[in-house]
Amino acid sequence: MRQSPPPRTYRVKSFGCQMNVYDGERMAELLAERGMSAAPDGEDADLVVLNTCHIREKAAEKVYSDIGRLRREDGSSPLIAVAGCVAQAEGDEIMSRAPAVSMVVGPQAYHRLPEMLEKASKGERATDTDMPADAKFAALPARRKTGPTAFLTVQEGCDKFCTYCVVPYTRGAEISRPYSDLVAEAQRLVEAGAREITLLGQNVNAWTGDDDKGRAIGLDGLIKELAKLPELQRIRYTTSHPNDMTDGLIAAHGEVDKLMPYLHLPVQSGSDRVLKAMNRSHTADSYLRLLERVRAARPDIALSGDFIVGFPGETDAEFEETLSMVDAVGYAAAFSFKYSPRPGTPAATMDDQIALAVMDERLQRLQAALNRDQLAFNKASLGKVCKVLVERKGKYPGQWLGKSPWLQSVHFEGEAAIGDIVTVELAEAGPNSLSGRLLAPAPA
Ligand code: 5AD
Ligand code: SF4
């Protein structure tokens with residue numbers, strides 16, 4: 001077992017969902033607090049954290065090949081920590097198959113990374129995939145750095161057990177972070193420059209808590225409280241489950257100006273038989289009626305969804321029902337995937353697994369429909385005058401890139417700075433972005 005000097009630089013590589021991005025940022029903060037610094041781009045780091053995702057295809061193989069690629073020309077490797085959902089699901093196997101890995105740390109245990117690092121520097125390997133309820137956040141340092149947009153994890157875990165999904169096994173049961181912690185973390189983010197906060201959770205709309213008067217509130221209550229922070233201009237949340245869309249949350253879309261007109265609400269399939277086999281506990285019709293209510297509260301809302309094609313037993317006719325669902329909704333954006341059997345999930349051992357060629361063909365047809373609708377949504381925005389939050393410089397000199405309220409990427413030219421909220425007229429639309437004309441600079 002090798003001994004190594006304490007690492008001075010780190011690189012955290014996050015894969016997968018926004019929750020992983022958030023976790024990656026928090027791990028970086030932990031390491032920075034211990035006096036380490038981020039390795040400059042293009043330079044080797046003393047410690048590499050691979051913050052992995054297990055949701056689809058070949059997750060573990062990818063980790064092993066990433067580990068292999070970290071080997072330097074002289075045959076040495078940096079200290080390697082494998083974090084995230086692959087660590088949680090396959091930690092022991094990683095330890096036995098990949099001797100270059102010193103640390104395996106699950107998504108609920110990464111606050112203990114510094115202690116593990118101390119052991120690793122002495123040549124001891126360490127695994128921590130405990131799932132203590134709620135200990136992690138309290139152990140993390142206060143947040144001091146952010147760009148104009150920030151993520152804030154408010155809820156973790158999932159009790160829904162969709163039959164295709166590993167999340168309930170890798171992220172554990174649903175827990176909500178306490179209200180006062182969230183308000184404090186949001187305040188610090190805003191003080192550090194955040195103008196937009198996206199509230200994150202595997203089932204973010206299942207968040208519940210007690211406000212400072214001890215009243216039980218849901219996500220809508222939290223959103224209303226955060227909307228009181230004067231410098232915070234925009235609030236978003238993701239990902240939601242249809243069954244947790246409460247009346248209050250739907251109404252909030254019409255009541256809270258700072259809550260952006262965008263809702264990501266996965267449906268997965270348009271077939272009731274498939275939805276039942278997926279254990280989604282909603283039907284195509286109940287989902288469509290829910291969206292009608294959301295649209296009644298906020299008529300201009302942009303809707304987005306997740307879809308799986310080729311769930312075991314999905315027939316051609318059932319797939320057509322998914323296409324009909326897409327036609328009925330008119331999504332502004334969407335994510336679509338081929339079904340991938342996940343070890344340990346009920347669907348992985350169901351009969352009638354669908355051939356890859358069939359899934360490929362269905363995915364292509366679905367994506368063609370979704371792309372058509374995304375372009376149509378963008379074209380329908382032409383001529384609109386809207387606020388754009390400037391996130392970064394564009395490709396060309398004098399060009400800026402930001403987001404519209406409907407989460408479209410918008411580029412424009414003119415006088416602006418990162419973090420400004422400027423007024424732009426949307427002038428040209430492509431499938432993935434729009435260009436705008438700057439009408440008014442940000443107020444001083
Ligand atoms: N195969 C394919 N897609 C999946 N998703 C979750 N599990 C699987 C799987 N086994 C998709 C769902 C979910 C999104 C985050 O990933 O659409 O909403
Ligand atoms: Fe997975 Fe379903 Fe839970 Fe979403 S709701 S994380 S798809 S089990």
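No experiment lies behind these values; they were computed from the predicted model shown.

## Focus: the environment of Ile94
Phase 1: Its place among the elements puts Ile94 in helix 3 (residues 84-97).
Phase 2: When the C-alpha positions of Ile94 and Thr127 are compared, they lie 10.0 Å apart, and in sequence the two are 33 residues distant.

## Here's the deal with the sheet that holds strand 7 (residues 149-153)
Phase 1: Ordered in space as 7-10-13, the three strands form an open sheet in which the pairing is parallel. The open sheet has two free edges, formed respectively by strand 7 and strand 13 (234-238), since each of these has just one partner strand. Geometrically, the sheet is characterised by an average inter-axis angle of 25° between neighbouring strands, direction not taken into account.
Phase 2: In this sheet, strand 10 (residues 196-200) lies alongside strand 7 in parallel orientation, the contact comprising five bridges. The residue bridging Leu152 from the neighbouring strand is Leu199, located in strand 10.
Phase 3: Set on the sheet, helix 1 (residues 18-33) makes contact with strand 7, strand 10 and strand 13; between it and strand 7 the angle comes to about 95°.

## Remarks on the nonpolar core
One broad trend across soluble globular proteins is that nonpolar side chains are buried collectively.
Phase 1: Leu199, Leu219 and Tyr237 are the most contacted members of the largest nonpolar core, which has 78 residues in total.
Phase 2: A domain-level breakdown of this core finds at least three residues from each of domain 1 (9-133) and domain 2 (136-380).
Phase 3: Leu219 has contacts with Val154, Leu199, Val204, Asn205, Trp207, Tyr237 and Leu249, leaving out every residue within four places of it along the chain.
Phase 4: In terms of nonpolar packing, the next biggest core, distinct from the first, is built from 19 residues, Ala59, Leu70, Ile80 and Ala98 among them.

How each quantity is defined
Every chain's residues receive numbers from 1 upward, in the order its sequence appears when written. Chains carry letters and ligands carry numbers; both start at the beginning, A for chains and 1 for ligands, and go up in the order they are written. Restriction of local features to residues with pLDDT of at least 70 applies here, the model being predicted, together with a cutoff of 80 or more for giving and counting side-chain atom pairs; totals for whole chains, interfaces and linings are based on all residues. Side-chain numbers here rest on the full set of heavy atoms in the structure, without hydrogens or water. Secondary structure counts use DSSP, requiring at least four H or I residues in a row for a helix and at least two E residues in a row for a strand, with both numbered from the N terminus. The pairing criterion for strands is at least two bridges between them, as found by DSSP. To obtain an axis, a line is fitted to C-alpha atoms, over the contacting stretch when the element is a helix, and the angle between two such axes runs from 0 to 180 degrees between their N-to-C directions. Whether two residues touch is decided by their heavy atoms; if any such pair falls within 4.5 Å, the residues are in contact. The nonpolar core is taken to be a set of buried Ala, Val, Leu, Ile, Met, Phe, Trp, Tyr and Cys residues, with the residues joined through side-chain atoms within 4.5 Å. Accessibility here uses a 1.4 Å probe with only protein chains present; expressed as a share of the type maximum, an area under 20% marks a residue as buried, one over 50% as exposed, and anything in between as partly exposed. Note that domain bounds follow an automatic or database assignment of domains.

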